[in-house]
Each structure stands twice: as C-alpha cells, then as structure tokens.
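# Analysis of the macromolecular model
The residues making up each chain are set out below.
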Amino acid sequence: MDHERFTYFREHPEEVPIPEYLALAIPVTMEDVSSGQLAHLMSELSTHPGFREMPAQQLQACLAAGFGYASWGALVALDGRMADERQLPKNSQKLEDAIAWRMFVAGFVGLYDALEAVYASWKSALLTVRRTYGDSGFLDTQARSMADDFYERRVRGLEANWQEWENLEKIGPGIVRVKWAAEFAWEVANMFWSPDCGITLEKLMADIESGAYMSTRSLTERSWGLMYSWPTGLQPLQFANTDGSHAGYGWAWPELGLVHGSVFSTPADLRESAVALWERQPTQDYALKTLPEKLVQVNFQNPWRPSYVRVAMNSGAGLEDPYSQGPLLELLPTRNGRLFLGRELTIDGEFWSGPVRLMQADQLECLLGLQLPSVEEAKQKLQGECDWMLEKVPYAFDQSTFETVLQFAVAITELAESERQWIDLEPTALESLSKLLALSALHANPVASEEAQYAMEDPWVRSVDAPNAAREMIKTYPELSRLTAQVLGDYGLAFYGKNGLRNSRKHLHRDPEFMVYCVLRNLGSAPRIQTHTDIVALFRLVRLHTHRKEAMWLDSTQRDTLSNQTRDLCTQFLSLESMFNDLDNSLSSSRLSLVDAGSGSSKKI
C-alpha cells in the first residue's frame, strides 16, 4: 500500500480519481450470450421497480448501457473495450454499482431503482465475470492492492440533504421516505460522478431525493435490502405448525410486548397487512379465519429476499431479519381464531395479545422479609428515571403493576448498596459468607443455568474448561466440596464465562460476590449474570432472613421453604428485568405515540 497516497486522499477526498473500471465494459463471453445468461439477467431485472414497465428493446438497451456497450448489438457481438481481470474492482459490489450508475446516467432508470435491481439480480445469472468473483464476491487474485477499496471519494457540491431525515418516515397516504435509499445512492454517486457524465449535480441530487420516496407496498417488497422498512414500531414474525410446516406471518409490537392477534398466510397477505398497518387500517381481510390450537414462532425469513442474495445492500445488522423472540413463547396458544398469550387488547380497532404482566406489592413483601418503599418515596428517589414506563399503562401492564415496579426497583438498588457496604466494611463478613456457603451446600438443589448450558455447546469448554475449573475451584472453595464437578463447572461458567475461567483464571481466587452467587445457586435459584445488583440484593434478603436461624438451613421443611421463597423472588427479579429490557424502545420509533392514551383511538398523522 502506498501510505503517502492513502494519507493524501484521506485528507483530500474530493481529489480521489474516478475508478478506471467505470470507463471499461464488463467482460462478456460468447458462452454468456449463447447460454441465455444475459437473457436470464434481463428477466430478473424486469421484476423490479423501475424495470417492470420497460419494453424488451428498451430493457436490452438499458442492460447494454449498464455493461458499458454502445448498444445491445454491440454487447452480443462482444464489441467493446472490456476490462481484464486486473482492471476489475476487487469487490463485486463495486462492479454492480458501476452497472447501475451507467444505467442511470443513460437515462433509463432512477439511481436507487437501478442499484436495488442490479444487486438483487446479479448473482442469479451465471455470467463468466460473475463466476470470477465466486460466492464471496471478491476476486481470488492477491496481486492487486486493496488500498483503492479504502479511498472515500467526495464530490464538491453534492450535498447530503438526507442527513437530517428520520430513518423511515411516513410522508403521506401510502408514501414513505427511506433515508437509507438516499444514503446508498449518494455514496455511489460520489464514487462515479464527473462534470462530463451528462448529469448535472442539481439533477443528481433531485434523483437521489426522489428515489427515497416509495409506496408502502413497494417498501415492503424491498424490505430484504433495507434495515428500516416495517410499519412504525412493528416487527414481522413467522409461524410454523407443530409439525414444522409453514403456518403464516404476523406482527410484534415490541414497545408494548404485544403480538398481533391475526396470522397472515402468504407473503402477499403479509404485504397487504403491512400496507394497512402503515395507514392504521383494518387487516382482517388478509388474515386467516381459523388457526390450529397452537403455533410455533420461528425466525422470520424475508419472503422477498432473492434466494441467491446472502447479504443485503447495507451490509448491516438485522438484514437476515432474525428478530428476537420478544414477548413470545415457543408454543403460542390460540383462541377464537387469534393468537392469545394471556390477555387481549383492542388498539386502533385491531386485536393484540400479550402475556399477563402482574406484580403485586403485598405478594412480594411475603417473600424473605422484603420491605418495599412507598410509591411516593420510590418516585422521589427515581426522579423520573422510569417515567417512560408510565406511557405503557394500560397496554403493557396496569397502573398498580407500574407502581409496584417502581417500588421494587428502588428496593433492589438499596438492598444491593447496603450489602456491598456490609461486605466491604464488616470485619466478619468473609467469615459469615464462608459459613453460609457451607450451610447452603449441605442440601444443595441447584438447577442448570442458561449461561453455562450455552457455553457448554462448545465441546472444548464442555470437556476441558469446565472440568478443569471444577477441580481447581474445590481448592479455592472447600465449602463446595460436596457439590459434583458438573455443578461446580456450571457455577464457574455461568458467573465468569469461558474466558474468565480459561484466560483470567478468576476462579483461583476467593471472590465474595461469587460466594454470594453460589449460595443462591445452592438454594435452587438461577439469577442472570448481566448485572450483579440483583444477585447481591437477593443474597442480602437471604442472609438477613436466616440470621441466627441455622435451623432454616438444616431442617428439611424450613430449608424447602427458604429455597422456594428464594426461587420465587428470583423469578420476580427476572420479571422486573424483563420489563425494563423488553419494553425499552428508546432506540426505535414509537407506535404508541400515534394512539390516544387510554382510549385506543387514533391520532391524526
């Protein structure tokens, strides 16, 4: 790599030259013509917006222009100054960008329409040049430097007017504006535009902006290549029957932890439901009228994604549409022809369903002597930190549950703070921890943790890391000598992770918080490790509840009660964490903002 050249162009992006391959024709062989691969590519292009209405001759001329030939006749006669392999861009995407740019400059189609169609169709045709790049999309040759791939060219005067746009914004009935479409077209325009290309900067900027406007129906069909494409605040779902066969599609509303009651059988039904949901209109006409007793949620596979496209145009996260399971269970029950997860709501005239989220202060205070602050005290201490959850009443949970959540959150924080102070400042704390660890191990009834089970999917972790750590931990924590190696390995993996055991070797040194964790695990609970606050808070309740009551650990009946209450309270801790994590939509658009609070009626957009 020429470092001086690289540094200069990084500081002067407006002086980066136009790639040489733009002036050269795409190499085509007689086999490409005779085998029908060119015709196949045209057929694929004709299924995309901007190309669908083109007459055959115009489509031929468009493809020829994109390939850098004077006419269709010149293309099939192989009459052009073709690039050889050394002159081709190293990345196939840049070649596809050049094809789309030349189609646009020749006046056949808008820039974004050309980019989307070429990208979707390119890998479907087994042209010789396409095979040169292989499945990876990169040339195999190592002779060329990759330095050119890092140059970012910028054109003076080509303004990024789209920068202040929302990612996805409904502009009018049936019309949305997609920021990514403008961004993608702008990047390509910066690579290839020149004053003598035949397109003025004003016309280019107008095309970039207009190409970002599309109908909601077209947007849905193009969703395979866009990070933001679904109706405001919603995510698509896919369902299977219990025998594994396809059952249909649906919608999740993560902001409220809800799922649409209806299931839509075909991609066409899903598309029409999306169009309706953009306008907040009824979807029942497109929904299945009857459903089996149970459905299974599976990962959403975008039905409009070309089978030969492995990654989409923005090369970003989420393009395979692996939306998380959200509020749903693996087996989803149905009732009266709709999904039913425990409760049903009608919002904007549509049926939605979600789990019952109920948290009651009096039931929490029955467990391990937990005491909650008053609602007023909790609100004062949180200082508005949880006000965003109030907006979800009564859709995600009721007012009483919201208030209990505030009380519980404050109580957990205060318990953890107090217990950490006790561990740090009390001279006998470590001695007490050791005693409780030994008592809890006498009749330990642990359950497997999700974290450890996931880590043990790695054969090396399962056969080497976990057993080795278990043997070493017995020396570090003789109080746990009654536990099996399998249980100790689970504890260590769940708390420290495989790198903590294998590399950091944290289990070789006595750790008060790990001892706290082991006491809770010995009682049959399985707290998550994302934050240690819940673990320390729960342990404080156990420690204070059993203070000077050794019989609670030794008597089987009292030990069972202690274990059950610890598990129940741990479950409530997890429910609280789930509410905060699952319902936080601070990084995405709010659909709830379109709904009148408390009435489920519509606000005008």
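In short, a report on the structure. (Residues numbered from 1 in each chain as written. Predicted model: local features only at pLDDT ≥ 70, side-chain atom pairs only at ≥ 80, totals over all residues. Heavy atoms only, no water.)

Before going further, it helps to examine the overall build of the chain. Broken down by element type, the chain carries 24 helices and 11 strands. By its C-alpha atoms, the chain is 95 × 60 × 50 Å across when sized along the principal axes. Here the chain, with 605 residues, has 50% of them falling under the buried criterion. Within the chain, contacts between residues separated by at least 24 positions form 73% of all contacts whose residues are at least 6 apart in sequence. Working note: accessible area of the chain is about 28400 Å², and carbon and sulfur atoms make up 50% of it. One finds the centroid of the 56 positive side-chain charges in the chain at a distance of 3 Å from the centroid of its 80 negative side-chain charges. (Helix = DSSP H or I, 4+ residues; strand = E, 2+ residues; numbered from the N terminus. Buried < 20%, exposed > 50% of the residue type's maximum accessible area, 1.4 Å probe, protein only. Contact = heavy atoms within 4.5 Å. Areas by Shrake-Rupley, 256 points an atom, 1.4 Å probe, with all protein chains shown as cover. Lys, Arg positive; Asp, Glu negative; His and termini not counted. Charge placed at Lys NZ, Arg CZ, Asp CG, Glu CD.)

This part covers helix α24 (residues 556–582). With 27 residues, α24 extends 38 Å from end C-alpha to end C-alpha; this agrees with the ideal 39 Å at 1.5 Å per step. Buried residues of α24: Arg559, Leu562, Ser563, Gln565, Thr566, Leu569, Cys570, Phe573, Leu576, Glu577 and Met579, and no others. The N-cap residue of α24 is aspartate 555: its side-chain oxygen and the backbone nitrogen of threonine 557 are 3.2 Å apart. (Expected span 1.5 Å × (residues − 1). Polar contact = N/O pair within 3.5 Å; in protein donor to acceptor, adjacent residues only side chain to side chain.)

Take a nonpolar patch on the surface next. On the surface, a nonpolar cluster with roughly 230 Å² of combined accessible area is contributed by Ile171, Ile175 and Tyr213. Tracing the backbone shows tyrosine 213 in strand β3 (residues 213–215). Taking the relative accessible area as the measure of exposure, tyrosine 213 reaches 34% and is therefore partly exposed. (Patch = residues over 30% accessible without salt bridge, like charges linked within 9 Å, V, L, I, M, F, W, Y side chains within 5 Å. Salt bridge = Lys/Arg side-chain N within 4 Å of Asp/Glu carboxyl O.)

Moving on: the pattern of salt bridges. Following the criterion strictly, the structure yields 26 salt bridges and no others. Ionic pairing is found between glutamate 344 and arginine 338, a salt bridge with its closest N-O pair at 2.9 Å. One continuous salt-bridge network, built from bridges that share partners, spans Arg52, Arg217, Glu221, Arg271 and Glu272.

Paired through their backbone hydrogen bonds, the strands of a sheet run either parallel or antiparallel. The 8 strands are arranged β9-β8-β7-β4-β5-β6-β11-β10 in an open sheet whose pairing can be described as antiparallel. Because the sheet does not close on itself, it has two edges, and the strands there are β9 (338–339) and β10 (343–347). Pairing of strand β8 (residues 331–335) with β9 involves 2 bridges; the strand directions are antiparallel. Paired with threonine 334 across the two strands is leucine 339, which belongs to β9. Along the sheet face, helix α12 (residues 267–279) touches β5 (246–253), β6 (258–260) and β11 (350–354) and points at about 20 degrees away from the line of β5. (Pairing = 2+ DSSP bridges. Axes fitted to C-alpha atoms, helices over the stretch in contact; angles between N-to-C directions.)

With 12 residues, helix α4 (residues 56–67) ought to run about 16 Å at 1.5 Å a step, and its terminal C-alpha atoms sit 17 Å apart, in line with that. Remark: glycine 68 follows α4 within two positions and exhibits a positive phi of approximately 90 degrees.

This structure, assessed with the given rule, holds 21 aromatic pairs. On the basis of an interplanar angle of 15 degrees and a centroid distance of 5.2 Å, the ring pair of tryptophan 180 and phenylalanine 184 is categorised as stacked. Linking tryptophan 180 with phenylalanine 184, this pair stays in helix α9 (residues 179–192), spanning 4 residues, or about one helical turn. When sorted by exposure, tryptophan 180 lands in the same class as phenylalanine 184, which is buried. Ring centres of tryptophan 230 and phenylalanine 300 lie 5.8 Å apart, and the angle between their planes is 90 degrees; on these two criteria the pair is classed as edge-to-face. Here phenylalanine 300 lies in the loop between β7 (294–298) and β8 and tryptophan 230 lies in the loop between α11 (216–221) and β4 (235–240), a separation of 70 residues in the sequence. Residues tryptophan 230 and phenylalanine 300 agree in their burial class; the two are buried. An aromatic cluster is present here, built from Tyr477, Tyr491, Phe495, Tyr496, Phe514 and Tyr517 joined pairwise through their rings. Over the ring of tryptophan 165 we find arginine 177, and its NZ or CZ is 4.3 Å from the ring centre. Over the face of the ring belonging to tryptophan 422 we find arginine 543, whose NZ or CZ atom lies 3.7 Å from the ring centre. (Phe/Tyr/Trp six-rings, centres within 6.5 Å; stacked < 30°, edge-to-face > 60°. Lys NZ or Arg CZ within 6 Å of the ring centre and 35° of its normal.)

The subject of this paragraph is the pairing of β7. Residue alternation in β7 divides its side chains into a buried set, Leu295 and Gln297, and an unburied set, Lys294, Val296 and Val298. Bridge analysis of β4 against β7 gives 3 bridges, and the strand direction is antiparallel. Residue pairing across strands places glutamine 238 opposite valine 298, the latter belonging to β7.

Here we come to the sheet that holds β3. Ordered in space as β1-β2-β3, the 3 strands form an open sheet in which the pairing is antiparallel. Lying at the two open borders of the sheet, with one neighbouring strand each, are β1 (168–172) and β3. Strand after strand, the sheet turns through a mean of 40 degrees between neighbouring axes, direction not considered. With 4 bridges connecting them, β1 and strand β2 (residues 175–178) associate as antiparallel partners. Note that in β2 the partner of glycine 172 across the bridge is isoleucine 175.

Next up on the list: the nonpolar core. Inside soluble globular proteins, nonpolar side chains tend to come together where they are buried. Counting 74 residues, the largest nonpolar core has Leu370, Phe408, Phe514 and Leu569 as the members making the most contacts within it. Considering each element in turn, this core owes the most residues, 12 residues, to helix α16 (residues 399–425). Among residues more than four places away in sequence, those in contact with phenylalanine 514 are Met473, Tyr477, Tyr491, Gly492, Phe495 and Tyr496. By size, the runner-up hydrophobic cluster in this structure holds 72 residues, among which are Ala25, Cys62, Phe184 and Trp193. (Core = buried A, V, L, I, M, F, W, Y, C linked by side-chain atoms within 4.5 Å.)

The geometry of helix α3 (residues 37–45) relative to helix α7 (residues 111–122) is characterised by a closest axis approach of 9 Å and an angle of 130 degrees between their N-to-C directions. If you check the angle between α3 and α7, you find them oblique. At the point where α3 passes α7, the crossing takes the right-handed sense. Contacts from Leu41, Glu44 and Leu45 of α3 reach α7 at Ala117, Val118, Ser121 and Trp122. Looking at side-chain class alone, the contact of α3 with α7 contains 5 nonpolar, 1 polar and 1 charged residues. (Parallel < 35°, antiparallel > 145°, perpendicular 65-115°, else oblique. Left-handed = near helix turned anticlockwise from the far one by under 90°. Nonpolar A, V, L, I, M, F, W, Y, C, P; charged D, E, K, R; others polar.)

Another aspect to go through is the environment of leucine 372. For leucine 372, the location among the structural elements is in the loop between α13 (361–364) and α14 (375–382). Taking the relative accessible area as the measure of exposure, leucine 372 reaches 13% and is therefore buried. With 32 residues separating them along the chain, leucine 372 and threonine 404 place their C-alpha atoms 8.6 Å apart. With near-sequence residues (within four places) excluded, leucine 372 lies in contact with Ala361, Leu364, Glu365, Gln407, Phe408 and Ala411.

This next bit is on unusual backbone geometry. Glycine aside, the phi torsion of most residues is negative, and most peptide linkages are trans. Going from valine 393 to proline 394, the amide bond is cis rather than trans, its omega being 5 degrees. Notably, asparagine 336 is not glycine yet its phi reads approximately 55 degrees, a positive angle. Secondary-structure assignment places asparagine 336 in the loop between β8 and β9. Despite not being glycine, glutamine 383 has its phi angle at roughly 50 degrees, a positive value. Note on placement: glutamine 383 falls in the loop between α14 and α15 (387–390).

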